[in-house]
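Working through the structure, step by step
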Amino acid sequence: MSRERADSQGSLGPDDEVMPYSDDETDDELDPGSDEERPQVEEAKSTGKRLGSGWRVKANDRAFCNLPEFQKKYFLCLKRSKYAGNGIKTYKYNALTFIPLNLFEQFKRAANLYFLALLILQIIPEITTLPWYTTLVPLVLVLGITAIKDLVDDLVSDSDLLLADILLLSSSNPISLCYVETAELDGETNLKFKMGPKVTDERLQEEDQLAQFDVCEEPNNRLDKFTGTMRWRKDRFPLDLDNMMLRGCRIRNTDECHGLVIFAGADTKIMRNGGKTRFKRTKIDELMNYMVYTIFVILVLLCAGLAIGNTFWYEEVGSKAWYLYDGKDQTASYRGFLSFWGYIIVLNTMVPISLYVSVEVIRLGQSKFINWDLQMYYQEKDTPAKARTTTLNEQLGQIEYIFSDKTGTLTQNIMAFKKCTIAGHTFGKTHLLHPVDFTWNKYADRKFEYLDHSLVACIRSKKDKDTLEFFKLLSLCHTVMVEQKEDELVYQAASPDEGALVTAARNFGFVFLSRTQDTITISEMDQEMTYEVLALLDFNSDRKRMSIILRFPDGRIRLYCKGADTVIYERLSPNSKHKEIFANETLRTLCLCYKDISKQEFDAWAKKHKAASVAMGNREAALDRVYEQIESNLMMIGATAIEDKLQDGVPETIAKLAKADIKIWVLTGDKKETAENIGYSCKLLTDDMQIHYGEDVNEKLRIRQANRRDQPPAFGRTRKKVPDPFFPEPGRNALIITGGWLNEILYEKKKKRRRLRLKRLGKRPAAATPQDAAQPIDDWEKETRQVDFVNMACECEAVICCRVTPKQKANVVSLVKKYKKAVTLSIGDGANDVNMIKTADIGVGISGQEGMQAVMSSDYAFAQFRYLERLLLVHGRWSYIRMCKFLRFFFFKNFAFTLVHFWYSFFSGFSAQVAYEDWFITLYNVMYSSLPVLLVGLLDQDVNDKLSRKFPKLYLPGQQGALFNYKNFFISLFHGIFTSLVIFFIPYGAFLQTMGQNGEAPSDYQSLAVVMASSLIFTVNMQISLETSYWTFVNCFAVLCSIAIYFGIMFDIHSAGIHVIFPSTFTFTGVASNALRQPYLWLTIILTVGITLLPVICIQFLYKTIWPSRNRKKYEMEEEEEEKSTPFQRGRRSRRSAYAFSHSRGYADLIASGRSIRRRPATARPNPRDSIREIPQAENI
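The name an unreviewed UniProt entry gives the protein is Phospholipid-transporting ATPase, with Oncorhynchus mykiss as the organism. Within the UniProt record for the protein, the comment given under Subcellular location (unreviewed entry) is "Membrane". According to the UniProt record, the Catalytic activity (unreviewed entry) comment for the protein is "ATP + H2O + phospholipidSide 1 = ADP + phosphate + phospholipidSide 2."

See below:
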């Protein structure tokens, strides 16, 4: 028996075997003003009456709908109503609002607004020296591309979807069954059953009768829950989610159905879920924004300095030179002020608008490479990898912590029946070589394998009643659905575990055949038997068990129950035996028990059950209390053991990621022993590790806290930058902690009702005294305790948190993000992992056996855990390196381009004149230098994918942020300054006192601009060539094509023909042909390019020969010295197995209503033994 959980004051501590509390008992939801309570309060105020009965719905009742409290109230353009109208708008734009609304949204971005301001400044003649089109062309290009993308996204629609939350009344199918697809709600493509209530199917056939029922819950965002009560003919009937077809569903395999709209418009559940999602940004994004701010500050300082220079120059030179007189009576200070804004325009390319567009293009390309990677394609399920976002790719190369679910993520979540214990006797020997022959059973599944022949012999002998009762329970106590499809019986289970158990019972001779509203039919050793179903007590994550109450053909009433050992043991009769099961094996266990019930006891209980099933307030809690009354004094029959094998490649993947200095934490709802055994199986835990459990952790933290309290207040309240280690001894450590201990350690409150009561009364819990070591004195001490726990856990090689709720999973991720400032990744496959996936910096969903909710909430998705290695070590690392190289070079080429204007200012009287031709400034970032650097950001590789996986240490620079930081930024800045100096002063010096071949001196401004521009184009394109590590034909073509485009466009816009057409726009007539036919100008270009590239070539040579940053020999030596894996020692500790339950409810409500199955045709039941197949779906912890 498990210990009782003690409170936080002086106790043995929490029970490792139980969940600490359900998800709705967390700090975030312990507020009396929560969403569940707020609507009723608001409605009471708006209608002026107490709405204790809930949300009232009546159809075709005009008098009811015209009541004053339901009328829309208008004040000018404002209106208010209790009920939403049927109209709903899901599109963002229409023909009239598209342009203004899209522009408004785009100009909310600081970069776009900045360039709009520049465009306005360029219209002012007294300020600008650049024509307006130099800014307008790039701005229009960026705005246009973004607008087209937004419009395409907004036009996507689907007319097949239901547009309201509808109560199904009847359908054309037998017994009002309706099939729906809910892929838009939860991502699952398998069909689900919905059904109309029995009373509406049989007796409610005319429209005027629809006004007779009216009560249901308030509108909310709970997609997995609906509570309603139908009042009709002085009787009440319960309504639940199985009667509802939600907005976003598609009706399938149903010709016609009738329903009543319950929620419409913004009140529908899917629209209530349309809240704001936290926008995830990468570290590079944040750093890039700060660098843009830094560039802007530098820009302002440069412009201010040049404006001051213009003021002094005009006072000393300009005002005294008669040939510079412009006829304007302006002071030197005012001219300097105008010069400041002129230089803001001239030097604006230091913050280029094309940067953001280029980054998005690179990210889109990286996402496509992930989608197209055949090595991450899972052929068995035809599932490719999918990048569901395009904004986080480079963050994949910086992961420091991975938080992983266990079931379905590390394991396959495909269950196999391995062992069972019946009345103390264990079956399932694994040392036998030949599997059991099931040819004697016509319903047997050929895929099912079992090695222990003694169990089959015991069943076929029919001498052991306990064994027969054991498998009878498995074939009766479940919520598996069965229907006939083309002479084939199809099973559909709420969890893989349940499907495996029913399949096992089928193979051993107890075959589930069919069920109706009130009966269930099975074949018991070729003898068909029908049992009357009196009640189904369904499973949920709090109960961790399910029961069924049956009336046998001889009139006996018996309850069958199956569930987790921790909850079953508490409900066993004192006379029950055989409680110890599978103590040291990595199996998922389930206890089976029964109870005989008298007719009087059942009748009394059935009345309570009826009342609870139609309760409008806390219906689930009321049902749980009624279930608890009947599920007591149970007699144990035995237990099952199901194996959930590891996925292929999990140990190798974890080992590789560990070598990349990525720490992996497993967060699971399974029992401690099962989680620990899986830890050993996947090599997350090794025998040389010292494992610390909740008691040890709590004691260490308590001692650290006590020492801190004993210190003087001033000293004790200061937090050390480098805290003392918790494990100073040499060796490797691991931490295994349960959800109960996690709450105890982190000071999480556990008594929800008491806290709510104190809050409502305006009181506070009594503050802990300094002597009370189990409670925090204040919030600072609670935070310090959390920091201590995170520091301790991060000192360990592995961390396993078991018996944790989905909310606790998210809280653990939040703690590491908050206190370690680390980049985190969460990976899971079930709905219970969604919170964790959304909380982490990057969420990865595995499309496994538990539906698609994790995938729908994730940033990246694939089918197997082993693909995570390639996602991080290959795609993540490449994306990070490419983005860093792109940003470094992009900043460099713009500094080199823009700062030439700065040096030219010293020779132009600080007059904000440009050093280049106007069209060169316009097209530099768009056509002349964008493609080569863009391709480096898309295609570059320092090593190929095989070496990236072979040497995981290559991943470390990304974690350290070593390739793009402020140091790299200032290196790019100084590199750009040096390049701009060379590009300006060498041609300037070459043009002084020179003479051409024809005796003329071509030392004019326009020829100088052409030489500087040509030198710049050659420099930046050859510079990116030196930076390119992975050459392809595309890269070579891009470099050559960029240079060719430059010369082609330059000769065109310098031609006489275009000057004749646009004389004021194209003023460099004949300059290119005249200047570039002079040999000494070509020599000047070559000299300029050579001097700018020479330092780069020398530095690269030194780094690759004398100071290598990545020494491959070192990594090869590390590979050779890799420790040999030690065998798993199962006898090292006593580890108990566990059963992980589905977080979703089963099909009990569907079955009990009698609407779950089609009426079976009168054809003979199929006999082939492989004619029954199962389709498991679950959301396991």
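Among the secondary structure elements, T503 is positioned in helix α14 (residues 496-507). You can call T503 buried: its relative accessible area is 6%. Along the backbone, T503 and F448 are 55 residues apart, and their C-alpha atoms lie at a distance of 8.1 Å. At 2.7 Å, the side chain of T503 and the backbone oxygen of G499 are in polar contact.

With mixed pairing, 9 strands are arranged side by side in an open sheet as β13-β32-β31-β30-β14-β26-β29-β28-β27. Both outer strands of the open sheet, β13 (386-387) and β27 (689-692), are each paired with one neighbouring strand and no more. Sheet topology note: the β13/strand β32 (residues 860-862) ladder contains 2 bridges and is antiparallel. For K386, the partnering residue across the bridge sits in β32 and is A861. Contacting β14 (401-404), β30 (824-828), β31 (842-846) and β32, helix α28 (residues 867-905) runs over the sheet at an angle of about 140 degrees to β32.

As a further point, take the sheet that holds strand β20 (residues 519-524). An order of β16-β15-β25-β24-β23-β22-β21-β20-β19 is seen for the 9 strands of this open sheet, with the pairing classed as antiparallel. Every interior strand has two partners, whereas the edge strands, β16 (425-427) and β19 (510-515), have only one. Between one strand axis and the next, the sheet turns by 30 degrees as a mean value, whatever way the strands run. Pairing analysis gives 7 bridges linking strand β24 (residues 588-597) to strand β25 (residues 635-646), with the strands arranged antiparallel. The residue bridging L590 from the neighbouring strand is T640, located in β25. Across the sheet, helix α13 (residues 465-476) is in contact with β15 (411-422), β19, β20, β21 (527-537), β22 (545-551), β23 (557-563), β24 and β25; its angle to β25 comes to roughly 60 degrees. Contacts from α14 reach β15, β19, β22, β23, β24 and β25, with the element oriented near 45 degrees to β15.

The next subject is the nonpolar core. Core analysis: the largest hydrophobic core is formed by 107 residues, its most contacted members being L355, F886, L887, F891, Y916, F920 and L1016. Contacts of F886, omitting those with residues within four sequence positions, involve L355, S358, V359, I362, V933 and G937. Counting residues in each nonpolar core, the second largest holds 51 residues, with F417, I422, A500 and I520 among its members.

Looking now at α13. For α13, built from 12 residues, the straight-helix expectation of 16 Å at 1.5 Å per residue is met to within 8% by its first-to-last C-alpha distance of 16 Å. All of the buried residues along α13 are T467, L468, E469, F470, F471, K472, L473, L474, S475 and L476.

All right, on to the UniProt feature "active site" (unreviewed entry) in the protein then. When the UniProt feature table is mapped onto this chain numbering, "active site" (unreviewed entry) sits at D405. Following the sequence through the fold, D405 ends up in the loop between β14 and β15. Judged by its relative accessible area of 0%, D405 falls in the buried class. Polar side-chain contacts of D405 include one of 3.4 Å to the side chain of K809.

Here β15 runs beside β25; their pairing, made up of 8 bridges, is antiparallel. Bridged to T411 within β25 is L646. With 3 bridges connecting them, β15 and β16 associate as antiparallel partners. If you follow C420 over to β16, its bridge partner there is F427. Adjacent in sequence and paired antiparallel, β15 and β16 are bridged by 2 residues, among which A423 carries a positive phi angle near 55 degrees.

What counts and how
Residues numbered from 1 in each chain as written. Predicted model: local features only at pLDDT ≥ 70, side-chain atom pairs only at ≥ 80, totals over all residues. Heavy atoms only, no water. UniProt positions renumbered as here; feature names shortened; annotations may be inferred. Helix = DSSP H or I, 4+ residues; strand = E, 2+ residues; numbered from the N terminus. Buried < 20%, exposed > 50% of the residue type's maximum accessible area, 1.4 Å probe, protein only. Polar contact = N/O pair within 3.5 Å; in protein donor to acceptor, adjacent residues only side chain to side chain. Pairing = 2+ DSSP bridges. Contact = heavy atoms within 4.5 Å. Axes fitted to C-alpha atoms, helices over the stretch in contact; angles between N-to-C directions. Core = buried A, V, L, I, M, F, W, Y, C linked by side-chain atoms within 4.5 Å. Expected span 1.5 Å × (residues − 1).

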